[in-house]
Amino acid sequence: MSAPTPRSARLAQSPAVLREGRWWLVGDAGAVPVVDPSFATVLDGFAEAVAAADRAVADLRARPSKPSAFGTGDRR
């Protein structure tokens, strides 16, 4: 079972925010909904890529660390 999706989430450090399944562009002056389906699809894809990258980093951090082969004095 996957974790519940938050009701609101900012996409990386962008002005794009997903609120209750709909993309919004948020700024100091307010927010406007993303009405272009092509743009919303691109935002969906980017959000999926960011989530996959976050999972990959978390998986790498969860692995036990192994000593590196670099820096052991075996230079040529």
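Refer to the structure printed above.
Below: a short report on this structure. These figures come from a predicted structure and were not determined experimentally. (Residues numbered from 1 in each chain as written. Predicted model: local features only at pLDDT ≥ 70, side-chain atom pairs only at ≥ 80, totals over all residues. Heavy atoms only, no water.)

**A few points about the overall build of the chain**
Stage number 1. Within the chain, the secondary structure is distributed over 1 helix and 4 strands.
Stage number 2. Within the span of the chain, comprising 76 residues, buried residues form 9% of the whole.
Stage number 3. The long-range fraction of contacts in the chain, counting pairs at least 24 apart against all pairs at least 6 apart in sequence, stands at 14%.
Stage number 4. When the accessible surface of the chain is split by element, carbon and sulfur atoms take 57% of a total near 6700 Å². (Helix = DSSP H or I, 4+ residues; strand = E, 2+ residues; numbered from the N terminus. Buried < 20%, exposed > 50% of the residue type's maximum accessible area, 1.4 Å probe, protein only. Contact = heavy atoms within 4.5 Å. Areas by Shrake-Rupley, 256 points an atom, 1.4 Å probe, with all protein chains shown as cover.)

**Focus on the packing of aromatic side chains**
Stage number 1. All chains considered together, the criterion is met by 0 aromatic pairs.
Stage number 2. Geometry around tryptophan 24 places arginine 22 over its ring, the cationic atom sitting 5.6 Å from the centre. (Phe/Tyr/Trp six-rings, centres within 6.5 Å; stacked < 30°, edge-to-face > 60°. Lys NZ or Arg CZ within 6 Å of the ring centre and 35° of its normal.)

**Some points on the environment of arginine 22**
Stage number 1. Summarising the element assignment, arginine 22 is placed in strand E3 (residues 22-27).
Stage number 2. On the basis of relative accessible area, arginine 22 is assigned to the partly exposed category, the value being 40%.
Stage number 3. If we ignore the near neighbours within four places in the chain, the residues touching arginine 22 are Val17, Pro33, Val34 and Val35.

**Remarks on the nonpolar core**
Stage number 1. Formed by Leu11, Ala16, Trp23, Val34, Ala40 and Leu43, the largest nonpolar core amounts to 6 residues.
Stage number 2. In contact with leucine 11, other than residues within four places in its own chain, are Ala16, Trp23, Leu43, Phe46, Ala47 and Val50. (Core = buried A, V, L, I, M, F, W, Y, C linked by side-chain atoms within 4.5 Å.)

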